[in-house]
2 protein chains.
Amino acid sequence: MIKAGINGFGTIGRRVATALSLQDDIQVIGIAKNSPDYVSKIASTRFNLYVPDAEKLVEFEKAGLKPKGTFEDLMRDSDIIIDCTPEGMGKQNLGKYKKGNVSAIFQGGEEKEVAEASFNSYANFDESIGKKFVRVVSCNTTGLARTLSPLASMFGIERIDATLIRRATDQNDSRKGPINAVEPSLKIPSHHAEDLRTVMGPVEVDTIAIKVPTTLMHVHVVQAVLKKNAEKKDILDAWENRRRIMLVSGKDGRSSTAQLMDMARELGRDRSDLYEIPVWKESITVTGNKVRYIQAVHQESDVIPENVDAVRAMLKMNSSRDSIEKTDRSLGIKGTVV
Amino acid sequence: MIKAGINGFGTIGRRVATALSLQDDIQVIGIAKNSPDYVSKIASTRFNLYVPDAEKLVEFEKAGLKPKGTFEDLMRDSDIIIDCTPEGMGKQNLGKYKKGNVSAIFQGGEEKEVAEASFNSYANFDESIGKKFVRVVSCNTTGLARTLSPLASMFGIERIDATLIRRATDQNDSRKGPINAVEPSLKIPSHHAEDLRTVMGPVEVDTIAIKVPTTLMHVHVVQAVLKKNAEKKDILDAWENRRRIMLVSGKDGRSSTAQLMDMARELGRDRSDLYEIPVWKESITVTGNKVRYIQAVHQESDVIPENVDAVRAMLKMNSSRDSIEKTDRSLGIKGTVV
């Protein structure tokens, strides 16, 4: 049984903790939290809490919580730490992990240099086998890699162009904007292009990111030029056995991210999450070797299966095929069933 | 075992179906649906589907679904129908229920005249005992009745003034607005005042409703003039044993509806719902006999416990106390525990 600790319990950390606790080969030792807020209080009913230092122990105890120990204790008792701290903090934590001689997974907010490899289950699982420090790429890059890498395997890809219509902030955030403006990222290509190459290799790719006032999901408009001609059914074939890609249709009512998130609630998913990347069937358009499609990304949860798989890759627990299957089964990811 | 059928499977119907299926004294016979959309497809894995007529049977079968029968069959096999059809349709359905000799619960979108009694568990459970047609008041009225009726019992209420800051639409809707405007209801008082009297009796009440661009929750600013002086701790005492009222605090991070909905997700609630009415502790302000406070209402789910209790009242299954306790236990409503 592999022992895992979670550092940080925001959008990603809390979901990683739940997902890992559902695995039969991974034990969650506990989570590191900085403040005794409502999230700590709820989390304490399911997970051991760890705090940065002795001073924080007192603060948590005053709030009626009983941390199991400090972050040093969590590192000592864990084989691997999943670092889910805010963007840029992972880099600062790397020294601690090295000193504590513990493996660590970082999230996509970190620069690629923080880790020995960047990770996506479909694109490059094997590159992380046996590695001590791995970075799971961001929600947007994960979404792109998930639908594009099966196309790369089957047809080869010459060039990718993607426009990312990004959600402004997550649902539990009431401070960030924009609330009524469309905000283009003026750096072209956006960082996603470079990030996609960290998992898909040296492909020609251009990305443009535009922030819009919504909290539900990102939407990607993707165009890929393949190395050979294809037809729509070939694209569907390439995605058919990939359970983490979900083909949806506007015809049965799923015409926007509002209904996709509603579907996740109806599916009874933990936290109403949608781990899969939904692709609108009607949008898949193939002309010669050019494929276009529109997909959505539930930014809070699409990287969660990848975090679970990354643990198994790094600690040489399973092949990519077996790990993906175990992860999908535990999270209820069944492919395009609805 | 009481047999219940659900007519309509929108925001309320789907939640009523799930909640009733969790009761050990109620069996869900099935749900009536009009179109074979994604909601029907997901629902069909848990519930028997019924359709309006033979023509619809064919349409559903073409979409790969196998309805159990028509609405006539559902009525015949049920002791009670919970009508969760869109606003105004309940009135049209009343004739069918009378003809089918089946009890029915209507939702708050209907006029009070559709039923023999209007219902709120804390305010007037007993008035619906043995009734054949009952209306559960709307989400906003339920929210007001839930926090005000314990104050009415304990202190008496001379007058209520409430400003309802209403969500624009539900999360799964991508058609309605406003998306960037504040839209006051120009009828003063809004219909909620009259509606509140249907469950609290002839109290002096004035309500003003303002629609704002959000999908998460309503927020109410409430002022009640009591029949005697009180202190803040007396108000807290009046609410203490009412599990469906949840005292929350901005101090531990729950400062807006965004965090309240996040809390519901962390609590692992079905569909990430929040059945309780959260009241911000800091906002409770008492001056002499005047009480002010701010509360929030998860419009999609706060009436769900009431629908379950209404079944038990109408069919004389339990006392209000026992029904409320059974319902709360089944839905994980524990009072102010976080």
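Everything numeric here is computed off the predicted structure, so don't read it as measured data.

**What to know about the overall build of chain A**
Inference 1: On a plain count of helices and strands, chain A comes out with 12 helices and 16 strands.
Inference 2: Scaling as 2.2 N^0.38, a compact globule of 338 residues should have a C-alpha radius of gyration of about 20 Å, and chain A matches this with 20 Å.
Inference 3: Over its C-alpha atoms, taken along the principal directions, chain A stretches across nearly 65 × 45 × 40 Å.
Inference 4: The buried share of chain A, reckoned over its 338 residues, is 58%.
Inference 5: Counting contacts in chain A only where the partners sit at least 6 residues apart, residues at least 24 apart contribute 72% of the total.

**As for helix α1 (residues 11–21) of chain B**
Inference 1: Within α1 of chain B, 10 of the 11 residues are buried, which leaves the element mostly enclosed by the surrounding structure.
Inference 2: All buried positions along α1 of chain B are accounted for by T11, I12, G13, R14, R15, V16, A17, T18, A19 and L20 of chain B.

**Focus: the nonpolar core**
Inference 1: With 57 residues, the main nonpolar core has I6, L20 and I82 of chain A as its most contacted residues.
Inference 2: At six residues, the largest contribution of residues to this core is made by helix α11 (residues 304–314) of chain A.
Inference 3: The contact partners of I6 of chain A, leaving out residues within four places of it in the chain, are G13, V16, A17, L20, V28, G30, I31, A32, L74, I82 and C84 of chain A.
Inference 4: Core analysis: the next-biggest nonpolar cluster, separate from the first, contains 56 residues, V219 of chain A together with I2, I26 and C84 of chain B among them.

**Describing the sheet that holds strand β5 (residues 80–83) of chain A**
Residue and element names in this part refer to chain A.
Inference 1: Taken in spatial order, the eight strands line up as β4-β3-β2-β1-β5-β6-β8-β7 in an open sheet, and their pairing is parallel. Of all strands in the sheet, those bounded by a partner on one side alone are β4 (69–70) and β7 (117–119).
Inference 2: Sheet topology places strand β1 (residues 2–7) next to β5; four bridges connect them, and they run parallel. From the neighbouring strand, G5 faces β5, where its bridge partner is I81.
Inference 3: Those strands touched by helix α3 (residues 54–62) are β3 (49–51) and β4, and its axis lies near 130 degrees from that of β3.

**Description of the side chain of Q171 of chain B**
Inference 1: Structurally, the position occupied by Q171 of chain B is in the loop between β9 (157–167) and β10 (183–184).
Inference 2: Discounting chain neighbours no more than four positions away, the residues touching Q171 of chain B are Q171, L216, A258, M261 and R265 of chain A together with T215 and E300 of chain B.

**Observations concerning helix α5 (residues 89–99) of chain A**
Residue and element names in this part refer to chain A.
Inference 1: Buried within α5 are the following residues: G90, N93, L94 and Y97. The buried residues of α5 occupy an angular sector of 135 degrees when the element is viewed end-on, so they sit on one face. The exposed residues of α5 that point more than 90 degrees off its buried face are K91, Q92 and K99.
Inference 2: Looking at the buried residues of α5, the elements they touch are β1, α4 (71–77), β5, β6 (103–106) and β8 (133–136).

**Description of the sheet that holds strand β8 (residues 133–136) of chain B**
All names here are of chain B.
Inference 1: Overall, parallel pairing links the eight strands, which are arranged β4-β3-β2-β1-β5-β6-β8-β7 in an open sheet. The strands lining the two open edges of the sheet, one partner per strand, are β4 (69–70) and β7 (117–119).
Inference 2: Strand direction decides the pairing type here: β7 and β8, joined by three bridges, are parallel. What sits directly across from A117, in β8, is V134.

**A short note on the pairing of β9 of chain B**
Residue and element names in this part refer to chain B.
Inference 1: In the sheet, β9 pairs with strand β12 (residues 218–226) via eight bridges, with the strands oriented antiparallel. Across the sheet, I157 pairs through a bridge with L226, a residue of β12.
Inference 2: Looking at chain direction, β9 and strand β11 (residues 204–212) are connected through nine bridges and run parallel. Directly across from R166, in β11, lies its bridge partner K211.

**Here we look at the relation of the copies chain B and chain A**
Inference 1: Between chain B and chain A, which share one sequence, the superposing operator has a rotation angle of 180 degrees and an axial displacement of 0.0 Å; the RMSD is 0.0 Å. Such a combination of turn and shift is consistent with a two-fold rotation axis. Using C-alpha coordinates, one finds that chain B approaches the rotation axis most closely at S272 of chain B, a distance of 3.1 Å.
Inference 2: By residue overlap, the copies meet face to face through one surface: 100% of the interface positions of chain B are interface positions in chain A.

**Remarks on the packing of aromatic side chains**
All names here are of chain A.
Inference 1: A complete count under the given rule lists 12 aromatic pairs over all chains for this structure.
Inference 2: Of the aromatic side chains, those joined through ring pairs into one cluster are F71, Y97, F106 and F133.
Inference 3: Across the ring face of Y122, the terminal group of R242 is positioned such that the distance to the ring centre comes to 4.7 Å.

**Digging into the environment of G10 of chain B**
Inference 1: Relative to the elements of secondary structure, G10 of chain B occurs in the loop between β1 (2–7) and α1.
Inference 2: Residues G10 of chain B and T141 of chain B, spaced 131 residues apart in sequence, show a C-alpha to C-alpha distance of 20 Å.

**Here's the deal with the confidence of the model for chain A**
Low pLDDT marks stretches whose predicted atomic positions should not be read closely.
Inference 1: Scored by pLDDT, chain A comes out at a mean of 97, with 100% of its residues at no less than 70.
Inference 2: Model confidence for the complex: the whole-complex pTM is 0.95, and ipTM, which rates the interface, is 0.92.

**With respect to the side chain of S138 of chain B**
All names here are of chain B.
Inference 1: Tracing the chain through its elements places S138 in the loop between β8 and α7 (139–155).
Inference 2: For S138, a relative accessible area of 15% gives the class buried.
Inference 3: Among the polar contacts made by the side chain of S138, one reaches the side chain of T141 at a distance of 3.2 Å.
Inference 4: When residues no more than four places from it in sequence are discounted, the contact partners of S138 are G108, H192, D195 and V303.

**Examining the interface of chain B and chain A**
Quoted interface sizes are often the accessible area lost when the parts come together.
Inference 1: Every contact between the two is made by 32 residues of chain B and, on the other side, 32 residues of chain A.
Inference 2: For the pair chain B and chain A, the summed buried area comes to about 3000 Å², and 48% of that belongs to carbon and sulfur atoms.
Inference 3: Per-residue buried area on chain B facing chain A is highest for Y38, R265 and E266 of chain B; these three make up 28% of the total on that side.
Inference 4: The interface formed by chain B and chain A includes 10 salt bridges.

**Description of the packing of helix α1 (residues 11–21) of chain A against α11 of chain A**
All names here are of chain A.
Inference 1: Close contact between α1 and α11 brings their axes to 9 Å; oriented N to C, the two are set at 60 degrees. By the criterion of interaxial angle, the relationship of α1 to α11 is oblique. Crossing of α1 over α11 shows right-handed handedness. Contacts between α1 and α11 involve I12, R15, V16, A19 and L20 from the former and I304, N307, V308 and V311 from the latter.
Inference 2: Among the residues forming the contact of α1 with α11, the class breakdown is seven nonpolar, one polar and one charged.

**Regarding the pattern of salt bridges**
Residues and elements named next belong to chain A.
Inference 1: Evaluated as defined, the whole model comprises 65 salt bridges over all chains.
Inference 2: Between D25 and R312 there is a salt bridge, and its shortest N-O distance comes to 2.7 Å. Here D25 is found in the loop between α1 and β2 (26–32), whereas its partner R312 is found in helix α11, with 287 residues between them in sequence. Here D25 matches R312 in class, with each residue buried.

**What about the domain arrangement of chain A?**
Residue and element names in this part refer to chain A.
Inference 1: The domain boundaries assigned to chain A delineate domain 1 (2–137 + 303–331) and domain 2 (139–297).
Inference 2: Of note, the centres of domain 1 and domain 2, computed from C-alpha atoms alone, are 26 Å apart.
Inference 3: Between domain 1 and domain 2, the contact holds 25 residues from the first and 21 residues from the second.
Inference 4: The largest per-residue losses of area from domain 1 upon contact with domain 2 belong to R15, Y122 and V137, which jointly make up 30% of the total buried on that side.
Inference 5: Run the count over domain 1 and domain 2 and you get eight salt bridges.
Inference 6: Looking at the side of domain 1 that touches domain 2, the elements that each hand over two or more residues are α1, β7, α6 (121–124), α11 and α12 (320–331).
Inference 7: Of the residues forming the side of domain 1 that touches domain 2, the biggest block, five residues, is contributed by α12.
Inference 8: Of the residues contributing to the side of domain 1 that touches domain 2, the split by class is nine nonpolar, seven polar and nine charged.

Definitions and cut-offs
Residues numbered from 1 in each chain as written. Chains lettered and ligands numbered in written order. Predicted model: local features only at pLDDT ≥ 70, side-chain atom pairs only at ≥ 80, totals over all residues. Heavy atoms only, no water. Helix = DSSP H or I, 4+ residues; strand = E, 2+ residues; numbered from the N terminus. Rg over C-alpha atoms; globule rule 2.2 N^0.38 Å. Buried < 20%, exposed > 50% of the residue type's maximum accessible area, 1.4 Å probe, protein only. Contact = heavy atoms within 4.5 Å. Core = buried A, V, L, I, M, F, W, Y, C linked by side-chain atoms within 4.5 Å. Pairing = 2+ DSSP bridges. Axes fitted to C-alpha atoms, helices over the stretch in contact; angles between N-to-C directions. Arc of directions from axis to C-beta. Least-squares fit on C-alpha atoms with pLDDT ≥ 70 in both. Phe/Tyr/Trp six-rings, centres within 6.5 Å; stacked < 30°, edge-to-face > 60°. Lys NZ or Arg CZ within 6 Å of the ring centre and 35° of its normal. pLDDT = per-residue confidence, 0-100. Polar contact = N/O pair within 3.5 Å; in protein donor to acceptor, adjacent residues only side chain to side chain. Buried area = accessible area lost by both parts, 1.4 Å probe. Salt bridge = Lys/Arg side-chain N within 4 Å of Asp/Glu carboxyl O. Parallel < 35°, antiparallel > 145°, perpendicular 65-115°, else oblique. Left-handed = near helix turned anticlockwise from the far one by under 90°. Nonpolar A, V, L, I, M, F, W, Y, C, P; charged D, E, K, R; others polar. Domains from an automatic or database assignment.

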